[in-house]
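# Structural overview for review
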Amino acid sequence: MKVLVVKLADIGDLLTTVPALKALRAGLPAAEITLLAPPHSAPILEGSPWVDRIITFEKHRFDSPRALLSPRSWAELGRLAWRLRWEGFDWVVLMHHLVTNWGVLKFALLSLAAAPRRLGLDDGRGWFLTHRLPDPGYGGAHEVECWLRLVGVLGISPADRRIEVPISELDRAWARQALSGLGNRVPVAVAPGTGTYSPARRWPADRFAELATRLADRFGAGVVLVGGPDNEPEAGVFRAHYRGPRVDLVGRTTIRQAAAVLAGCKLFLGNDGGLMHLAAAVGTPVVAVFGPSNHRAWGPWRPDRPELARVVRTWLTLPCQPCLYVGNQLGRRWGCESLACLETIRVEDVLRVVESMNILGRPAAAPPAGP
């Protein structure tokens, strides 16, 4: 049997499929499992025992119907469709929600070209699916749960619900060398940015800096500043306000090196984003700040140790929160003008959660009071 799993998504979304991929491997041990993923996120699963092959496809060029005005885009789509047809897959397992007409068209074309049996979530638009499961909508279940339930249609029950990523010894050695710059300080990873899809998810970087400064003073922490090249603006603000030792790795790691670095840290602090999911996957305790995005769908996933995966949200009751990915709607990608759901989260709110986890050791003794 040949199975094609389609997840044309960024790193965080791709990681949510790992427990389902593990279940597929365990439930169909003789099957050849191929993953279709974008080239920028696919490396995180290269060499994993859960997929036999990865086919990469740059999906971002096809995020809007305007792509079809380009002959080059048509040619690229045609080559992919021909390859999928030629591969002779028996099943397509589509791990996407069908929330826009354009998305339905894209995934229908890919699925119809690839295999005679097509499994996916259906919110009423899955006319091209031969096997379907009702879509609970964003936040109706965690994204990990959605994909586990989906493969359950094939009679597969998950034995291991954790997200994991393979890390080579070479990447671990690289990370140890990078972290050595902190000396005896407690390494705390800080990611003040997010992916570019929704900058509205970003808690102010100067507050991350104040929080990290307090952790440096009270617990002897040292910051490991992480993020991609697109996060340089937030990293610059953080550098300008943070007072303490740091190792700066923004834009300087591969995905696998970032995973190894996060595995070597005692704590991850960040927003809703791919690095948050990666930190949880490698077993690092996570404190994540959520504003407009849906924590019920994308909160850090640690079914083995849920107390080590914490979400901080505003203390206000806001009927508009979340406004990004709710039900069967994409919602507000750019948030609203006030972003009250983030602006009202104080440094003390996040610090209180960190302290309650008791993972950074005992606070340093306060200096003696002056005369």
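Here the structure is shown first, and the text comes after it.
Let us look at the structure shown here. Remember, predicted model here, so these are calculated numbers, not experimental data.

### Remarks on the overall build of the chain
Within the chain one finds 13 helices and 14 strands. For a compact globule of 371 residues, the expected C-alpha radius of gyration is about 21 Å, and the chain comes in at 21 Å, within 12% of that figure. Within the span of the chain, comprising 371 residues, buried residues form 55% of the whole. A separation of at least 24 residues holds for 68% of the contacts in the chain among residues at least 6 apart in sequence.

### Structural notes on helix α9 (residues 255-263)
Of all nine residues in α9, eight are buried; the element is thus mostly enclosed. Within the sequence span of α9, burial applies to Ile255, Arg256, Gln257, Ala258, Ala259, Ala260, Val261 and Leu262. Elements that come into contact with the buried residues of α9 comprise α1 (11-15), α6 (169-179), β7 (186-191), β8 (221-225), β10 (267-271) and α10 (274-281).

### Comments concerning the sheet that holds strand β4 (residues 91-94)
The six strands are arranged β3-β2-β1-β4-β5-β6 in an open sheet whose pairing can be described as parallel. On the outer flanks of this sheet lie β3 (53-56) and β6 (131-134), each paired with one strand and no other. Adjacent strand axes in the sheet meet at a mean angle of 20 degrees when their direction is disregarded. Bridge count for β4 against strand β5 (residues 117-122) is four bridges, and the pairing is parallel. Considered in β5, the bridge of Leu94 is made with Gly120. Taken strand by strand, helix α4 (residues 101-114) contacts β1 (2-6), β2 (32-37), β4 and β5, and its axis lies near 160 degrees from that of β4. Lying on the sheet, helix α5 (residues 143-152) is in contact with β4, β5 and β6; it crosses β5 at an angle near 140 degrees.

### Concerning the nonpolar core
Taken as a class, soluble globular proteins show a tendency for nonpolar side chains to be buried jointly. Among the nonpolar cores identified, the biggest contains 64 residues, and Val5, Ile44, Val165 and Leu278 are the most heavily contacted of them. Apart from residues lying up to four places away in sequence, Val5 is in contact with Leu21, Leu24, Ile33, Thr34, Leu35, Leu36, Val93 and Met95. Formed by 33 residues, the second largest nonpolar core is a distinct cluster that contains Val250, Val350, Val354 and Met357.

### Comments concerning the packing of aromatic side chains
Considering all chains together, one arrives at seven aromatic pairs under this definition. Measuring from centroid to centroid gives 4.8 Å for Tyr138 and Tyr325, while their planes differ by 50 degrees, and the two rings are tilted. In this pair, Tyr138 is assigned in the loop between β6 and α5 and Tyr325 in strand β13 (residues 324-326), connecting sequence segments 187 residues apart. The exposure class assigned to Tyr325 is buried, which follows from its relative accessible area of 17%. Among the aromatic residues, those joined into a cluster by ring pairs are Tyr138, Tyr197, Trp298 and Tyr325. Taking NZ or CZ as reference, Lys2 lies 5.4 Å from the ring centre of Phe89, over its face. Across the ring face of Phe107, the terminal group of Lys106 is positioned such that the distance to the ring centre comes to 5.9 Å.

Definitions and cut-offs
- Residues numbered from 1 in each chain as written.
- Predicted model: local features only at pLDDT ≥ 70, side-chain atom pairs only at ≥ 80, totals over all residues.
- Heavy atoms only, no water.
- Helix = DSSP H or I, 4+ residues; strand = E, 2+ residues; numbered from the N terminus.
- Rg over C-alpha atoms; globule rule 2.2 N^0.38 Å.
- Buried < 20%, exposed > 50% of the residue type's maximum accessible area, 1.4 Å probe, protein only.
- Contact = heavy atoms within 4.5 Å.
- Pairing = 2+ DSSP bridges.
- Axes fitted to C-alpha atoms, helices over the stretch in contact; angles between N-to-C directions.
- Core = buried A, V, L, I, M, F, W, Y, C linked by side-chain atoms within 4.5 Å.
- Phe/Tyr/Trp six-rings, centres within 6.5 Å; stacked < 30°, edge-to-face > 60°.
- Lys NZ or Arg CZ within 6 Å of the ring centre and 35° of its normal.

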